[in-house]
Each structure stands twice: as structure tokens, then as C-alpha cells.
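Spelled out, the chains give:
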Amino acid sequence: MSGCGTPRSGVLGPAPRAAPSTPAPSSVAPPVPAVTEPSVPTRTSGPAGSPTPESGTTGPTPTSTANRDTVTIELWFVRAGQLVPTRRTRPATVATSRLALAELAAGPTSAEAATGLTTVVPPDVEVTRIADGVATLRAPAVGDPAQRRLRAAQVVWTLTQFRTVRRVRVDDAAPAGRSDLADLLPPIVVDNPIPGERVTAPLVVTGTADVFEATVSVRVLDAAGREVATAFGTASCGSGCRGGYRVVVGWRTVREQRGTVEVYEVSAHDGTRINTMAVPVLLAPGG
């Protein structure tokens, strides 16, 4: 059954718990050389992975923060052979594409790595030209075909957040856009919150999903793994198509602590939680 329409949300009862993730070490981004590129272009967009006329799908827009000396960009890493988005706020530069590639090569932070994120983009991938909406890259031809496709997907989904880039060409390959690599998205994509973020109640959880009857469920766990809040939302499309979702969830805690936001699908077969995306966060006191 397909669920299409206006996203909605509500409150759920208790749900089963998922196993914790295994931490992994962090990486530090290398210095980014300056190049002449359009500075912080903008694009009107919805949640990560939502439809757009330009490229089939698009993610959050890179935007300047209140501090004009910084820029926030979206990065796509890999987990279990699929693409997962996160964000970085870095010193502003006109070389936004090189900044994004350097961050991809540096890899995930410790909080992101704890969720299983990794990167297959090496440090010697570079943009040689951006013209007519196509970014041309030079990249080493290493790895098996599956790894090279994942590397291309990381780069394509990251660089096409910029208005000047609709497709990406790696060496002599045909240019590719997001729609060409959309099969590498997991059933549920979470673009807010991001791993390690300090969150307050009520929290707006956003992303895209292709799930049964378009229903996306959310629960919040405290530091002890106790469930402190649940909610659900309906994506704009589901059961065979991808749609954006927005779920508002609140909780009551007496102290600031580490916690987890889990976004998942309830199995139509047996009611268990499947396709879970767990995001470690810092829970601010809520009431």
C-alpha cells in the first residue's frame, strides 16, 4: 500500500530496544587550499533525499551561519554499503567544493564513527573544473567496482548540494547525478539531528524514507538505554517511493546526559523494529 500526502506525526507507546553501536576512532580534516569557486551557493531544498527538478534528489542547502566567517555543508558518508548524511560547520572559503572533498577524505568524527560511518574517498580526489552544472574530478582508479561506485556516490551526493553542480564526472566516465545513485540510500535517511549534537525538547527529527505505509517511528533513549519518548510521522510518500518526513518528539529528563535518537520502521510482518537508524546525541534537560 502506498502512503502519499502531507506528513503527520503523533505519539507511540513503548517500542523494543536496539543493540548499541561500537565506537570507532575519529579523523581530523587536512588543510584546504583556496581555489576560485562560487562562494556558498544556495538551493531551495527539502530533507536529504527529497525530489528536485535539477538532480532527482537534493539535500540540505549549504548556508552561512550567523557568523559570516563560517559555512555549514552537508557530507555523505558510508554505512554498511549505503549513504548517510551529516553536517560540518567550518571556516568560510570560496573553495566550497574542495572543502567538502577534504572533509569526505578526512572521514567521520568519533561520534559519527560510533554509528558505523566511514569513508571511501581518498585525499587525492580533486575538482579540476566546474562548468555548465558539471563538476569534473580527478580520482585514483582503485578498489573494486562496488567501492568505486560508493566513492562516486559520496562525491555526487555531497557536491550536488551546491547550486553550481547538478552532475559529477570522474575522469572520463559519464556525468552522474543523485538520481543515478539513489539506490545506495538506506530505507530511512536522518538528516536531523546529526551524531554528537546537543539536542533540546521538543526535537524536530527530519529526513526521508521509503517504508511501509510511509510510517516513520521515532524513540529517544537516555544514557541508561531507557526509553524516555516515542512518536511517529508519515512521510510524503512510501511503500515503493521516497518521501520527506518531519516528526516532533519531546522528553522529560532531570540532567544533561548522553542519549540516542532512533528512527525506524515497524515491520508489517511481525511488528518488530526494522531499518533502524540510531543517532547518538547529548540530551539537554527537558520537561
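Definitions and limits used
Residues numbered from 1 in each chain as written. Predicted model: local features only at pLDDT ≥ 70, side-chain atom pairs only at ≥ 80, totals over all residues. Heavy atoms only, no water. pLDDT = per-residue confidence, 0-100. Contact = heavy atoms within 4.5 Å. Axes fitted to C-alpha atoms, helices over the stretch in contact; angles between N-to-C directions. Helix = DSSP H or I, 4+ residues; strand = E, 2+ residues; numbered from the N terminus. Parallel < 35°, antiparallel > 145°, perpendicular 65-115°, else oblique. Left-handed = near helix turned anticlockwise from the far one by under 90°. Nonpolar A, V, L, I, M, F, W, Y, C, P; charged D, E, K, R; others polar. Buried < 20%, exposed > 50% of the residue type's maximum accessible area, 1.4 Å probe, protein only. Polar contact = N/O pair within 3.5 Å; in protein donor to acceptor, adjacent residues only side chain to side chain. Salt bridge = Lys/Arg side-chain N within 4 Å of Asp/Glu carboxyl O. Pairing = 2+ DSSP bridges. Core = buried A, V, L, I, M, F, W, Y, C linked by side-chain atoms within 4.5 Å.

As named in an unreviewed UniProt entry, the chain is GerMN domain-containing protein, taken from Micromonospora tarensis.

Caption draft 1: Region of the structure containing the confidence of the model for the chain. Residues at a pLDDT of 70 or more form 77% of the chain, whose mean pLDDT is 81. pLDDT under 50 marks residues 51-65. Its contacts with residues more than four places away, or in other chains, come to 58 contacts.

Caption draft 2: Layout of the packing of helix α1 (residues 96-106) against helix α3 (residues 145-159). The contact between α1 and α3 brings their axes to 10 Å, and the two run at 140°. Comparing their axes, α3 and α1 come out oblique. Considering how the two elements wind past one another, α1 and α3 form a crossing that is right-handed. Residues Ser-97, Ala-100, Leu-101 and Leu-104 of α1 form the contact with α3, whose own contacting residues are Gln-154, Val-155, Thr-158 and Leu-159. Here the contact of α1 with α3 is composed, by residue class, of five nonpolar, three polar and no charged.

Caption draft 3: Layout of the side chain of Thr-86. In this fold, Thr-86 is placed in strand β4 (residues 82-91). Given a relative accessible area of 2%, Thr-86 falls into the buried group. A polar side-chain atom of Thr-86 sits 2.9 Å from a polar atom in the side chain of Glu-112. Ignoring anything within four residues of it in the chain, the contact list for Thr-86 reads Ile-73, Glu-74, Leu-75, Phe-77, Glu-112, Ile-194 and Pro-195.

Caption draft 4: Structural context of the side chain of Glu-112. With respect to the helices and strands, Glu-112 occurs in helix α2 (residues 110-113). In this structure the side chain of Glu-112 is engaged in a polar contact, spanning 2.7 Å, whose partner is the side chain of Arg-88. Among all residues touching Glu-112, those that are not within four sequence positions of it are Phe-77, Thr-86, Arg-87, Arg-88, Leu-117 and Pro-195.

Caption draft 5: Main features of the pattern of salt bridges. Applying the stated rule across the entire model yields 13 salt bridges. A salt bridge links Arg-90 to Glu-103, with the nearest nitrogen and oxygen atoms 2.9 Å apart. One end of the pair, Arg-90, is in strand β4; the other, Glu-103, is in helix α1, and 13 residues separate them in sequence. A single network of salt bridges, built from pairs that share partners, joins Arg-88, Arg-90, Glu-103 and Glu-112.

Caption draft 6: How the structure looks around the sheet that holds strand β6 (residues 134-138). Taking strand neighbours across the sheet as the criterion, the three strands line up as β5-β6-β7 in an open arrangement whose pairing is mixed. Sheet topology places β5 (126-131) and β7 (167-170) at the edges, where each strand pairs with a single neighbour. For this sheet the average axis-to-axis angle between neighbouring strands, irrespective of direction, equals 25°. Bridge analysis of β6 against β7 gives four bridges, and the strand direction is parallel. Of the residues in β7, the one forming a bridge with Ala-135 is Val-168. Against the sheet, α1 touches β5 and β6, its axis set at about 145° to β5.

Caption draft 7: Local environment of the sheet that holds strand β13 (residues 243-249). In space, the three strands of this open sheet follow the order β8-β10-β13, with antiparallel pairing throughout. Where the open sheet ends on each side, the last strands, each with one partner, are β8 (188-192) and β13. This sheet shows a mean twist of 30° between the axes of neighbouring strands, independent of strand direction. In this structure, β8 lies alongside strand β10 (residues 203-209), joined through four bridges in antiparallel fashion. Looking at β10, one finds that Asn-192 is bridged to Thr-206.

Caption draft 8: Local environment of the nonpolar core. The biggest cluster of nonpolar side chains holds 58 residues, and the ones touching the most others in it are Leu-137, Leu-159, Val-205, Tyr-245 and Val-263. Contact partners of Leu-137, with chain neighbours within four places excluded, come to Leu-101, Val-125, Glu-126, Val-127, Thr-128, Val-155, Leu-159, Val-168, Arg-169, Val-170 and Asp-171.

Caption draft 9: Structural detail: unusual backbone geometry. A cis amide bond, omega 5°, links Asn-192 with the succeeding residue Pro-193. Within the element layout of this structure, Pro-193 appears in the loop between β8 and β9 (198-199). Of note, the bond from Ala-201 into Pro-202 is cis; its omega dihedral lies within 30 degrees of zero at -5°. Although it is not a glycine, Ala-80 sits at a positive phi angle of roughly 50°. Its place among the elements puts Ala-80 in the loop between β3 (70-79) and β4. In this model, Glu-213 sits at a positive phi of 55°, which is unusual for a non-glycine residue.

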